[in-house]
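Coordinate analysis (summary)
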Amino acid sequence: MSKERVEQVEGTGASVPMTDISNIDVPEGTDELSRSTRRAWRDRLNDAQTRKMIVGMLATLVGGSFWGFSGTSASFLFDTYHVDTLWLMSIRQILAGLLFMAVVVTRDRARLVKLWTTPTDRKQLLLFTAFGLLFNQFCYLSAVRLTNAGTATVLQCLQLVIIMGYTCITDRRKPRMREVIGIGLALGGTFLIATGGDPTSLSISPLGLVAGLMCAVSAACMAVIPAKILPEYGSPIVTGSAMLTAGIVTCTIVQPWAHMPALDAAGVEALAVFVVVGSFLAYMLYMQGVKDIGSVRASLIGTVEPVSATITSAVMLGTVFLPTDLIGFAMIIVMMFLTV
């Protein structure tokens, strides 16, 4: 047995060899020594599962919070340095894509090669890149520019309603009662955010509302399109490949090096937070949480993202939210819990 160690089993006085959890060889007999050995292994496995659950929850919580920082950093760059939306999108994708690839190439090169050399999987990846990642990044940054980080992030959460509708159609079933309630909350929350409670006026610009709703549609595409290749290759490979591909395409078109904005130290710091914290680390930590605690729990904990974006936007940028905005945010977050 690898890494063998000897532990005293309770009540027997005998020495029982213990191995790594990944190499369990526990006796199946009914004698006292076998039962004691199984009990010792069960306690050890329970401890390991608890640690894994705690680490996964913390990773998901931190990753979701980091996603919220992304919108706040983008708002700061838009408002202070008048950074172009396409410029920021191309820089984010190329730099975050390179960081992902640096990790993937050193840890999982074989599956990366397989993804790009399998025609059907490569086609799915390119569809995800074009209609998921590129579409979502442009809509999200446009919504942040036209509204604010908190509003854009909350409106993006409406993707769950779209995904729920798609699931009902593909599964040929009616929405469950909690899903119907969730749709009502989502529509009510969007109404409050958009109008401030007054149906005769808009609290945000029409273009901002359209960008936020399109952000939700594109986020739903991001969740649905790569569903077949994610289980096979994992999120770092799929997301990193899509980001780097999108970055190469957008950099070729936008040519960000030709019109660099005049960023001072604070601007460079905000850009670094946007790329490294709000993109690379957010995805890495969140997907580690999905792996450790499952997608349902991770989705629930991920509701910290709009909360993080709202708080950081208010504290760091001085964004003022009306009471109707906060009520609308709360309604959409409750909708997320119901639909998930």
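Residues numbered from 1 in each chain as written. Predicted model: local features only at pLDDT ≥ 70, side-chain atom pairs only at ≥ 80, totals over all residues. Heavy atoms only, no water.

Turning our attention to the overall build of the chain. Along the chain, the regular secondary structure elements total 14 helices and 2 strands. Counting every position in the chain, which comprises 340 residues, the buried fraction comes to 46%. A separation of at least 24 residues holds for 76% of the contacts in the chain among residues at least 6 apart in sequence. Accessible surface for the chain amounts to roughly 16,800 Å². Of this, 66% is attributable to carbon and sulfur atoms. (Helix = DSSP H or I, 4+ residues; strand = E, 2+ residues; numbered from the N terminus. Buried < 20%, exposed > 50% of the residue type's maximum accessible area, 1.4 Å probe, protein only. Contact = heavy atoms within 4.5 Å. Areas by Shrake-Rupley, 256 points an atom, 1.4 Å probe, with all protein chains shown as cover.)

Attention shifts here to the pattern of salt bridges. Scanning the entire structure with this criterion turns up 2 salt bridges. Of the charged contacts, one joins Lys114 and Glu232 as a salt bridge, the two residues approaching to 2.8 Å between their closest N and O atoms. Here the residue Lys114 occupies a position in helix H3 (residues 109-117), and Glu232 occupies one in helix H9 (residues 230-233), the gap between them amounting to 118 residues. (Salt bridge = Lys/Arg side-chain N within 4 Å of Asp/Glu carboxyl O.)

Let's shift gears to the packing of helix H4 (residues 119-146) against helix H10 (residues 235-254). Axis separation between H4 and H10 bottoms out at 9 Å; the angle between their running directions is 70°. Taken together, the axes of H4 and H10 lie roughly perpendicular to each other. Contact with H4, carried on its side by Leu125, Leu126, Phe128, Thr129, Leu133 and Leu134, involves Val238, Ser241, Ala242, Met243, Thr245, Ala246 and Thr250 of H10 and no other residues of that element. (Axes fitted to C-alpha atoms, helices over the stretch in contact; angles between N-to-C directions. Parallel < 35°, antiparallel > 145°, perpendicular 65-115°, else oblique.)

Moving on, we come to the nonpolar core. Membership of the largest hydrophobic core comes to 50 residues, with the highest contact counts inside it found for Leu88, Leu141 and Leu271. Counting only elements with at least two residues in this core, the list comes to helix H1 (32-81), helix H2 (85-107), H3, H4, helix H8 (206-224), H10 and helix H11 (265-293). Not counting chain neighbours up to four residues away, the residues in contact with Leu271 comprise Leu77, Trp87, Leu88, Ile91 and Leu263. Val154, Leu158, Leu160 and Ala186 belong to the second-largest nonpolar core, a separate cluster that totals 14 residues. (Core = buried A, V, L, I, M, F, W, Y, C linked by side-chain atoms within 4.5 Å.)

Attention now moves to the side chain of Gln137. Within the secondary structure layout, Gln137 lies in helix H4. Gln137 gets classed as buried once you look at its relative accessible area, which sits at 3%. Among the polar contacts made by the side chain of Gln137, one reaches the side chain of Arg92 at a distance of 2.6 Å. Contact partners of Gln137, with chain neighbours within four places excluded, come to Met89, Arg92 and Gln93. (Polar contact = N/O pair within 3.5 Å; in protein donor to acceptor, adjacent residues only side chain to side chain.)

With that settled, the discussion passes to the packing of aromatic side chains. Given two aromatic rings, one states the distance between the centres and the angle between the planes to describe the pair. Taken as a whole and judged by the stated rule, the model has 4 aromatic pairs. Seen in terms of ring centroids, Phe66 and Phe69 are 5.7 Å apart; in terms of plane orientation they differ by 40°. Their pairing is tilted. Of the two residues, Phe66 and Phe69 both sit in helix H1, 3 residues apart, roughly one turn of that helix. Look at Phe100 and Phe280: their rings are 5.3 Å apart centre to centre, the planes differ by 75°, and that puts the pair in the edge-to-face class. Placement of the pair is Phe100 in helix H2 and Phe280 in helix H11, with a sequence separation of 180 residues. Across the pair, exposure class does not vary: Phe100 and Phe280 are buried alike. The side chain of Arg145 reaches across the aromatic face of Phe78, ending 4.1 Å from its centre. (Phe/Tyr/Trp six-rings, centres within 6.5 Å; stacked < 30°, edge-to-face > 60°. Lys NZ or Arg CZ within 6 Å of the ring centre and 35° of its normal.)

Within the element layout of this structure, Thr195 appears in helix H7 (residues 177-195). Thr195 gets classed as buried once you look at its relative accessible area, which sits at 9%. Linking Thr195 and Ser205, residues 10 residues apart in sequence, is a C-alpha distance of 9.9 Å. Once you skip the residues sitting within four places of it in the chain, Thr195 turns out to touch Ser201, Leu202 and Ser203.

Turning our eyes to something else, we now look at the side chain of Ser90. Looking at where Ser90 falls in the secondary structure, it is placed in helix H2. You can call Ser90 buried: its relative accessible area is 0%. Setting aside residues up to four positions removed in sequence, Ser90 forms contacts with Gly247, Thr250, Cys251, Val254 and Pro256.

On to the confidence of the model for the chain. Residues at a pLDDT of 70 or more form 84% of the chain, whose mean pLDDT is 81. When the criterion is pLDDT under 50, residues 1-23 qualifies, and its contacts beyond four places in sequence or with other chains add up to 48 contacts. (pLDDT = per-residue confidence, 0-100.)

What follows is about a nonpolar patch on the surface. On the surface, Ile162, Val210, Met214 and Val217 cluster together into a nonpolar patch covering about 270 Å² of accessible area. With 3 residues, H8 is the largest single contributor of residues to the nonpolar patch. Tracing the backbone shows Ile162 in helix H6 (residues 159-171). On the basis of relative accessible area, Ile162 is assigned to the partly exposed category, the value being 34%. (Patch = residues over 30% accessible without salt bridge, like charges linked within 9 Å, V, L, I, M, F, W, Y side chains within 5 Å.)

This paragraph deals with H10. Relative to the 28 Å expected for 20 residues at 1.5 Å per residue, H10 spans 27 Å between its end C-alpha atoms, a close match to the ideal helical length. Summarising burial for H10: 15 of the 20 residues are buried, a large majority. After H10 finishes, the residue Gln255 shows a positive phi value of roughly 55°. (Expected span 1.5 Å × (residues − 1).)

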